[in-house]
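In case you want the letters, here they are:
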Amino acid sequence: MVKNDWLRPPLAAAVILAACAMPALGEDKHDHELARQELAAGRILPLQTVLERIRPTFPGEALEVELENEDGRWIYEIKMLNASGGVSKLLIDARDASLIRVRHHR
């Protein structure tokens, strides 16, 4: 029971958002399992290998990494912090570490 009336709307909104997110969580888990299978089968490269291959061209620190399946193509999305403080968002093909696209942010 919520004693403070001012908590009721945010609490209700949080419950609704959590309920809506449940199907999406199931999909993420499925993608996660598919990614593990692709990695185990050697169809995609491990993150460490990808980072080693891109660092000569994009030196810096990986801030954030996502592995996504886009229409059957596995793509690493990597945000890299460079020495000058700029951030680059790289899209890398997970099969061979080839660069798909890069966006530089200052």
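Note that the coordinates shown come from a computational prediction; the quantities given were computed from them, not determined experimentally.

Asker: Go over the pattern of salt bridges with me, naming the residues and quoting the values.
Answerer: With the rule as written, the count across this model stands at five salt bridges. We note a salt bridge from Arg95 to Asp93, for which the minimum N-O separation is 2.7 Å. A single network of salt bridges, built from pairs that share partners, joins Arg73, Asp93 and Arg95.

Asker: Which residues make up the confidence of the model for the protein chain, and what are the values?
Answerer: Overall, the prediction assigns the protein chain a mean pLDDT of 78, with 72% of residues at 70 or greater. The secondary-structure element of the protein chain with the lowest mean pLDDT is helix H1 (residues 8-40), recorded at 56, while strand E3 (residues 87-93) shows the highest, at 96. Predicted confidence for residues 1-27 stays below pLDDT 50, and this span has three contacts to residues more than four positions away or in other chains.

Asker: For the sheet that holds strand E1 (residues 61-70), give the residues involved together with the corresponding values.
Answerer: The antiparallel open sheet is built from four strands, whose spatial order is E1-E2-E3-E4. At either margin of the open sheet sits one strand with a lone partner, and together these are E1 and strand E4 (99-105). Strand after strand, the sheet turns through a mean of 15° between neighbouring axes, direction not considered. In this structure, strand E2 (residues 73-81) lies alongside E3, joined through seven bridges in antiparallel fashion. Among the inter-strand pairings, Leu81 is bridged to a residue of E3, identified as Val87.

What counts, and at which threshold
Residues numbered from 1 in each chain as written. Predicted model: local features only at pLDDT ≥ 70, side-chain atom pairs only at ≥ 80, totals over all residues. Heavy atoms only, no water. Salt bridge = Lys/Arg side-chain N within 4 Å of Asp/Glu carboxyl O. pLDDT = per-residue confidence, 0-100. Helix = DSSP H or I, 4+ residues; strand = E, 2+ residues; numbered from the N terminus. Contact = heavy atoms within 4.5 Å. Pairing = 2+ DSSP bridges. Axes fitted to C-alpha atoms, helices over the stretch in contact; angles between N-to-C directions.

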